[in-house]
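For reference, the chains in residue letters:
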Amino acid sequence: MQDWADTFGPYAPHPSLAVDDERFAAAFERFTGRLEDNYPFFHPRYAGQMLKPPHPAAVVGYLTAMLINPNNHALDGGPATAAMEREVVASLATMFGYDTHLGHLTTSGTVANLEALFVARELHPGRGIAHSADAHYTHGRMCHVLGTKGHPVPTDGRGRMDLDALDDLLRTGDVGTVVLTTGTTGLGAVDPVHLALPIARRHGVRVHVDAAYGGFFTLLAGADGPEGIPAEPWRAVARCDSIVVDPHKHGLQPYGCGAVLFRDPEVGRFYLHDSPYTYFTSAGLHLGEISLECSRAGASAAALWLTFQLLPPTPEGLGRVLAAGRRAALDWSRLIDESPYLTLYQKPELDIVSYFPALEPATLSGIDAASGRILADGMAAPDPVFLSTLRADREAFTARHPGITADADGARILRSVLMKPESEHHVEHLHARVEHLTGPH
Ligand SMILES: *Cc1c(COP(=O)(O)O)cnc(C)c1O
């Protein structure tokens, strides 16, 4: 960075920006002290939510580009990082099997989904949007924002969209777009895209795939070995109209990196644009002309680009990282299955393990209280373990475990997202700790 900066000749920083070294040191000490109020997302003993630090390549890519601070809204804001953005978006499109695409990075999966649903609404004005009851909660919220009716579709006993219910709903003609989730945020359930797609097409309905969490698992579709996952839903994604994936979840990136891809580049026409300030260095398409957001960090594109140079979105690249988490989830679910102290809530489809304490008698209220206690005790213990809880409602719980006494509307269960490859070598310890936390034995 400095070598490049030096080519423009020397200049003096303005005195108004100068800070005293001692004051900086004191402020920095307060700052790092404040940061200790955190959870150790980097450590294998953290097996809770979808959180982990970025890869060192992403950190270096981000920080280096951030020193220039390009804005990927327009080519005038940073030609290099705009070019990198096009390249990484093309790699993502290739990963999903798109042969044509229009797409860009966003600051989040939520904004990426909003863009996909905005385009969907423009193509089917006056018709609603269907998504599964287990889809990310922001779909309902975005339908509200877009002034479009959202239609939650019930899920089956594994958390996937019920296709008979979808067919019945589409028959009404009220729906213009269906959102399929390949990897729900709660359980990692994959909607059967290959079976839902023909139903949607029969009714003339658009299909959007929310792969914000699960998208990179397409690298394990049909793979040999225990980590392989069924290929059919993922192969069918290539025939869907739009896709969202979050590189800041499974793509080793810092927060601020989502992506939306459209199969038909023509949808760019919906992004009305007439900015008097920008676009003077090129007649080519600027990223800001096909994005709802204006300013976006060029550093995000830089971080992803540098990461993909080293760990590309291929089975041999990033696929190996996801495979380790998937094996961890399978190993742990096997241990839970054999345990007298824990019960598997459902088999993991990706890398999310769901389980609950095996109680006698087994009641929803008892499981709820015990899950809450294990979560809290796990974090407070001298050899801590960090889990998360997920609320399962009565119908979902009894569909999987009919023997339960349903004395409440639902229950919290325990949930562990094993998205760090290091988890693979930590499963036995995690399991022993959680077993121990279930009670005295
Ligand atoms: C995380 C997630 C989102 C929301 O993405 P953000 O990046 O958190 O805004 C949407 N859908 C699914 C399936 C997700 O897992």
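Conventions we followed
- Residues numbered from 1 in each chain as written.
- Predicted model: local features only at pLDDT ≥ 70, side-chain atom pairs only at ≥ 80, totals over all residues.
- Heavy atoms only, no water.
- UniProt positions renumbered as here; feature names shortened; annotations may be inferred.
- Pairing = 2+ DSSP bridges.
- Helix = DSSP H or I, 4+ residues; strand = E, 2+ residues; numbered from the N terminus.
- Axes fitted to C-alpha atoms, helices over the stretch in contact; angles between N-to-C directions.
- Near = heavy atom within 4 Å.
- Polar contact = N/O pair within 3.5 Å; in protein donor to acceptor, adjacent residues only side chain to side chain.
- Areas by Shrake-Rupley, 256 points an atom, 1.4 Å probe, with all protein chains shown as cover.
- Buried < 20%, exposed > 50% of the residue type's maximum accessible area, 1.4 Å probe, protein only.
- Domains from an automatic or database assignment.
- Contact = heavy atoms within 4.5 Å.
- Buried area = accessible area lost by both parts, 1.4 Å probe.
- Salt bridge = Lys/Arg side-chain N within 4 Å of Asp/Glu carboxyl O.
- Nonpolar A, V, L, I, M, F, W, Y, C, P; charged D, E, K, R; others polar.
- Right-handed = clockwise from strand over helix to strand, strands pointing away.
- Expected span 1.5 Å × (residues − 1).
- Core = buried A, V, L, I, M, F, W, Y, C linked by side-chain atoms within 4.5 Å.

- Looking at an unreviewed UniProt entry, one finds the protein chain named Aspartate aminotransferase family protein, with Streptomyces asoensis as its source organism.
- Per its UniProt entry, the protein chain bears the Cofactor (unreviewed entry) comment "pyridoxal 5'-phosphate".
- Per UniProt, the protein chain carries the Sequence similarities (unreviewed entry) text "Belongs to the group II decarboxylase family."

**Thoughts on the sheet that holds strand β11 (residues 410-417)**
Here is step 1: Spatial strand order, β8-β9-β11-β10: 4 strands in an open sheet with antiparallel pairing. With partners counted over all chains shown, the strands left at the sheet margins are β8 (342-346) and β10 (388-393), one partner each. Averaged over all pairs of adjacent strands, the angle between their axes in this sheet comes to 45°, without regard to strand direction.
Here is step 2: Both strand β9 (residues 352-357) and β11 contribute to a ladder of 4 bridges, which runs antiparallel.

**Looking at the site of the ligand**
Here is step 1: Taken together, the neighbourhood of the ligand is formed by 14 residues, with G109, T110, D210, D246 and K249 sitting nearest.
Here is step 2: Note that an oxygen atom of the ligand is positioned 2.8 Å from one of the backbone N or O atoms of G109.
Here is step 3: Compared with its free state, where it exposes 380 Å², the ligand has 88% of that area covered by protein.
Here is step 4: Elements with a minimum of two residues in the shell around the ligand: α5 (109-123) and α10 (247-250).
Here is step 5: The element that contributes the greatest number of residues to the shell around the ligand is α5, accounting for 3 residues.

**Considering the environment of M66**
Here is step 1: With respect to the element layout, M66 can be found in helix α3 (residues 56-68).
Here is step 2: With relative accessibility at 37%, the residue M66 sits in the partly exposed group.

**Comments concerning the domain arrangement of the protein chain**
Here is step 1: Domain annotation for the protein chain reports domain 1 (60-310) and domain 2 (318-437).
Here is step 2: The C-alpha centroid of domain 2 is placed 29 Å from the C-alpha centroid of domain 1.
Here is step 3: The interface of domain 1 with domain 2 comprises 28 residues on the first partner and 21 residues on the second.
Here is step 4: Summed over both sides, the interface between domain 1 and domain 2 buries roughly 2,000 Å², with carbon and sulfur atoms accounting for 67% of that surface.
Here is step 5: Counting across the domain 1 and domain 2 interface gives 1 salt bridge.
Here is step 6: Along the lines of polarity and charge, the residues of the side of domain 1 that touches domain 2 split into 12 nonpolar, 11 polar and 5 charged.

**As for the pairing of strand β3 (residues 150-153)**
Here is step 1: Burial along β3 is one-sided: H151 and V153 are buried, and none of G150 and P152, which face the opposite way, are.
Here is step 2: As paired strands, strand β2 (residues 128-132) and β3 are joined by 4 bridges and run parallel to one another. Following the sheet pairing, H131 is matched in β3 by P152.
Here is step 3: Regarding topology, helix α6 (residues 138-146) serves as the crossover connection from β2 to the parallel β3, and that connection is right-handed.

**A few points about the pattern of salt bridges**
Here is step 1: Scanning the model with the defined rule gives 17 salt bridges in all.
Here is step 2: R160 is paired through a salt bridge with D156; the nearest N and O atoms lie 3.1 Å apart.
Here is step 3: With relative accessibility at 26%, the residue D156 sits in the partly exposed group.
Here is step 4: Note that R263 is salt-bridged to D241, the shortest N-O span being 3.9 Å. Remark: D241 occurs in the loop between α9 (232-237) and β6 (242-245) and R263 occurs in the loop between β7 (258-262) and α11 (298-310); sequence separation between them is 22 residues.
Here is step 5: Judged by its relative accessible area of 30%, R263 falls in the partly exposed class.
Here is step 6: A relative accessible area of 12% places D241 in the buried class.
Here is step 7: Residues participating in the shared-partner salt-bridge network are D167, D168, R171 and R202.

**Concerning the environment of P421**
Here is step 1: Looking at the element boundaries, P421 is found in the loop between β11 and α15 (427-437).
Here is step 2: Taking C-alpha positions, P421 is 30 Å from F397, a pair spaced 24 residues apart along the chain.
Here is step 3: Not counting the four nearest positions on each side in its chain, P421 is found in contact with V321, A324 and G325.

**A closer look at helix α2 (residues 21-35)**
Along an α-helix, residues three or four apart share an orientation, since each turn contains 3.6 residues.
Here is step 1: Given a rise of 1.5 Å per residue, 15 residues ought to cover 21 Å, and the 21 Å separating the end C-alpha atoms of α2 matches this to within 8%.
Here is step 2: Two or three places before E22, at the start of α2, stands the capping residue D20, its side-chain oxygen 3.2 Å from that residue's backbone nitrogen.

**Section: unusual backbone geometry**
Here is step 1: A cis geometry characterises the amide bond from E360 onward to P361, with omega recorded as 0°.
Here is step 2: With respect to the helices and strands, the residue P361 is situated in the loop between β9 and α13 (364-380).
Here is step 3: Despite not being glycine, N69 has its phi angle at roughly 60°, a positive value.
Here is step 4: Within the secondary structure, N69 sits in the loop between α3 and α4 (79-95).
Here is step 5: Judged by relative accessible area, N69 falls into the exposed class, the value being 55%.

**Focus: the nonpolar core**
A general trend in soluble globular proteins is that nonpolar side chains are found buried together.
Here is step 1: Core analysis: the largest hydrophobic core is formed by 58 residues, its most contacted members being L166 and V178.
Here is step 2: Of the domains in this structure, domain 1 (60-310) and domain 2 (318-437) are the two that each give at least three residues to this core.
Here is step 3: In this view, L166 contacts A130, V153, M161, V178, A196 and I199; residues no more than four positions away in its chain are not counted.
Here is step 4: Counting 22 residues, the second largest nonpolar core, distinct from the first, contains A112, M142, V179 and V260.

**Here's the deal with the side chain of S242**
Here is step 1: Residue position: S242 is located in strand β6.
Here is step 2: In contact with S242, not counting residues within four places along its chain, are Y98, A116, R206, V207, H208, V209, L261 and F262.

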